[in-house]
Amino acid sequence: MSRPNFLIFMPDQLRADAIGAFGNPHVSTPHIDALTARGTAFPNAYVQHPVCSPSRASLLTGWYPHTAGHRTLTHLLKPHEPNLLRILKDAGYHVTWAGMRGDTFAPGATELSVHEYGFAQFPTIGYGGPYPDGVWSRLFYRGEVPDDGRVDPDEAAVRTAESWLESPPAEPWVLFVPLVAPHCPFQVEEPWFSQYDRDALPGPVEPGDRAREPRYMQAIREAYGIEEVTDEQWREVTATYYGMISRLDDQLGRVMRAVQTAGAAESTVTLFFADHGEYLGDFGLIEKWPSALHDCVTRDPLIISAPGLGKGQTSPAMVEMVDVLPTVLELAGVDAPHRHFGRSLVPLLRDPAASHREFAFTEGGFTVEEANRLEQPSFPYDRKGELQHADPTLVGKAIAVRDARWTYVWRLYEEPELYDRTTDPHERDNLAGHEKHAQVQQRLHDAMVRWLVETADVLPAEDDPRLPDVVLPVPGAASKP
């Protein structure tokens, strides 16, 4: 397949285990499942950062968050920095961004990276509004919202994609459709709100040994006042979250049908992935945290469907989301103009059992010296910001190293963690410091140090002359008569 089109469909805050094709027996995701049946699923794909903007910057550049300092919600990709959309545009692709999901490009970078951007039909409603009484606002839960004909940004983006596909440009093209859902607030209209039987859903994962968990976890429970949330309340949040997922699944199906109607299905590669996951009550927590590294927050539901490259496959390989960039570029026949750290997944599309990576890395957090850069959000995120400013060590820098079995977490201001995912898939039982596992811990720690050294920076693509011509007066010449 030469010069294929690309449909990139990216929800926000979608857990990998909240999809039917990834093993969830409770949620209905027929269109995502059908996409998996036509392509390859990567159940061991991990994001490089647990927060939206840094994660997006990482997957679009192939750089780790620390490589160029893209570690906050406000240090976005600059016009001079490489990104996947711009690389494809410069290579002759027509690139369209359906919607206005931001938090990715700094001023000026969008214009250089895409040909079209925004809504064909502008939204008539946002995601704000009142919360139910009680603890619900600290669970970011609004529940059922009316289906009154108003159009939220996700629906507007999907309608934009559909209308664009009625008369797409000459191939090859890229259609980028980033959505907000199922990011909180947890809210959805009918029929999705009532789709799930609350009583049939399992409760969240219980906390492990609280004496050995990162301190932010108990701090969140106390500051948010959610320690006494019942299983019934958690299931209510989960059912609404699942309703949001079924809604976005329906939206994916609509866009896929539009690709089919446009006659482009056999020449289009579809990529489906999120920027991070969601606690959803696991460990008594909700939402995410800048130094949260649990599997439920960092494992990504990556699916790639490329015509002629495997159907109904699952690759067990350890994958990082920086691998998206070189995968797309290889399929497009385009060379990256910069050094990056991704590894193409095309060999896994051909043979899902092929070797790929030994380790997957995720990082997050800040140093105490960066406290003035921490977010100060408004309600209902206000207590999250207050916690970080009151004690910046709660959001201290942290790195997770995963291989096929183990997870090792190093924290700048706290003790390390070690989890055996074969017996502890939810990463609850911290084995760090046990003599029995000392060699494993040291091996993963050494891998982390090597990774940091190898990826600390990148040489620019162009060399500067060592002795550039300088047009300035010589010292003292300006003062002479």
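Before reading further, recall that the structure is shown in the block above.
Since the structure is predicted, the reported quantities are computational estimates derived from the model, not experimental observations.

(A) Examining the overall build of the chain more closely. Scanning the chain for helices and strands turns up 13 helices and 15 strands. For 481 residues, the compact-globule estimate of 2.2 N^0.38 gives 23 Å, and the chain sits close to it at 23 Å. Expressed as lengths along the three principal axes of its C-alpha atoms, the size of the chain is roughly 85 × 60 × 50 Å. Relative to its 481 residues, the chain shows a buried fraction of 59%. Surface exposure of the chain reaches about 19,900 Å², of which carbon and sulfur atoms provide 51%. Distance between charge centroids for the chain: 3 Å, based on 43 positive and 69 negative side chains.

(B) Quick look at the nonpolar core. By size, the foremost hydrophobic cluster in this structure holds 77 residues, and its most contacted members are Leu139, Leu175, Phe186, Tyr216, Tyr242 and Phe272. Of all elements in the fold, only strand S1 (5-10), helix H1 (30-37), helix H6 (153-165), strand S6 (173-178), strand S7 (186-188), helix H7 (215-224), helix H8 (231-261) and helix H9 (295-298) reach the threshold of two or more residues within this core. Sorting elements by how many residues they give to this core places H8 first, with 13 residues. Not counting residues up to four positions away in its chain, the partners in contact with Tyr242 are Ala18, Asn24, His26, Val27, Tyr196, Leu201 and Leu280. Within the second largest apolar cluster, 43 residues are counted, among which are Leu77, Leu84, Val269 and Ala306.

(C) Quick look at the pairing of strand S8 (residues 268-272). The buried fraction of S8 amounts to five of the five residues, a majority that puts the element mostly inside the structure. In S8, alternate side chains face the same way, and those of Thr268, Thr270 and Phe272 on one face and Val269 and Leu271 on the other are all buried. Bridge count between S8 and strand S9 (residues 299-305): three bridges; the pairing is antiparallel. Within S9, the residue paired with Leu271 across the bridge is Ile304.

(D) A look at the sheet that holds strand S12 (residues 360-364). Pairing is antiparallel in the open sheet, where four strands are placed in the order S12-S13-S14-S15. The outermost strands of the open sheet, each flanked by one partner alone, are S12 and strand S15 (417-420). Direction aside, neighbouring strands of the sheet carry axes that sit 15° apart on average. Sheet analysis places S12 next to strand S13 (residues 398-402), joined by five bridges and oriented antiparallel. Looking at the pairing, Ala360 lines up with Arg402 of S13. Relative to strand S14 (residues 406-411), helix H13 (residues 438-454) is tilted by about 60°, and along the sheet it contacts S12, S13, S14 and S15.

(E) Representation of the side chain of Arg142 within the structure. Residue placement: Arg142 occurs in strand S5 (residues 141-144). Asp152 provides the closest opposite charge to the buried, unpaired Arg142, separated from it by 9.3 Å. Among the polar contacts made by the side chain of Arg142, one reaches the main-chain carbonyl oxygen of Gly128 at a distance of 3.0 Å. In this structure the side chain of Arg142 is engaged in a polar contact, spanning 2.9 Å, whose partner is the backbone oxygen of Pro130.

(F) Representation of unusual backbone geometry. Following Glu171, the chain continues to Pro172 via a peptide bond in cis, the omega torsion being 5°. Considering the arrangement of structural elements, one finds Pro172 in the loop between H6 and S6. A cis amide bond, omega 0°, links Ala181 with the succeeding residue Pro182. Relative to the elements of secondary structure, Pro182 occurs in the loop between S6 and S7. For Phe140, which is not glycine, the phi torsion reads 55° and is therefore positive. With respect to the helices and strands, the residue Phe140 is situated in the loop between strand S4 (116-118) and S5. If you check the backbone angles, Leu280 has positive phi at about 55° while not being a glycine. One can find Leu280 in the loop between S8 and H9.

(G) Examining the packing of H1 against H8 more closely. It is the contact of H1 with H8, at a shortest axis distance of 7 Å, that shows an interaxial angle of 55°. With respect to each other, H1 and H8 are oriented oblique. Contacts between H1 and H8 involve Pro30, His31, Ile32 and Leu35 from the former and Leu248, Asp249, Asp250, Leu252, Gly253, Met256 and Arg257 from the latter. Its residues placed into classes, the contact of H1 with H8 shows six nonpolar, two polar and three charged.

What counts and what doesn't
Residues numbered from 1 in each chain as written. Predicted model: local features only at pLDDT ≥ 70, side-chain atom pairs only at ≥ 80, totals over all residues. Heavy atoms only, no water. Helix = DSSP H or I, 4+ residues; strand = E, 2+ residues; numbered from the N terminus. Rg over C-alpha atoms; globule rule 2.2 N^0.38 Å. Buried < 20%, exposed > 50% of the residue type's maximum accessible area, 1.4 Å probe, protein only. Areas by Shrake-Rupley, 256 points an atom, 1.4 Å probe, with all protein chains shown as cover. Lys, Arg positive; Asp, Glu negative; His and termini not counted. Charge placed at Lys NZ, Arg CZ, Asp CG, Glu CD. Core = buried A, V, L, I, M, F, W, Y, C linked by side-chain atoms within 4.5 Å. Contact = heavy atoms within 4.5 Å. Pairing = 2+ DSSP bridges. Axes fitted to C-alpha atoms, helices over the stretch in contact; angles between N-to-C directions. Salt bridge = Lys/Arg side-chain N within 4 Å of Asp/Glu carboxyl O. Polar contact = N/O pair within 3.5 Å; in protein donor to acceptor, adjacent residues only side chain to side chain. Parallel < 35°, antiparallel > 145°, perpendicular 65-115°, else oblique. Nonpolar A, V, L, I, M, F, W, Y, C, P; charged D, E, K, R; others polar.

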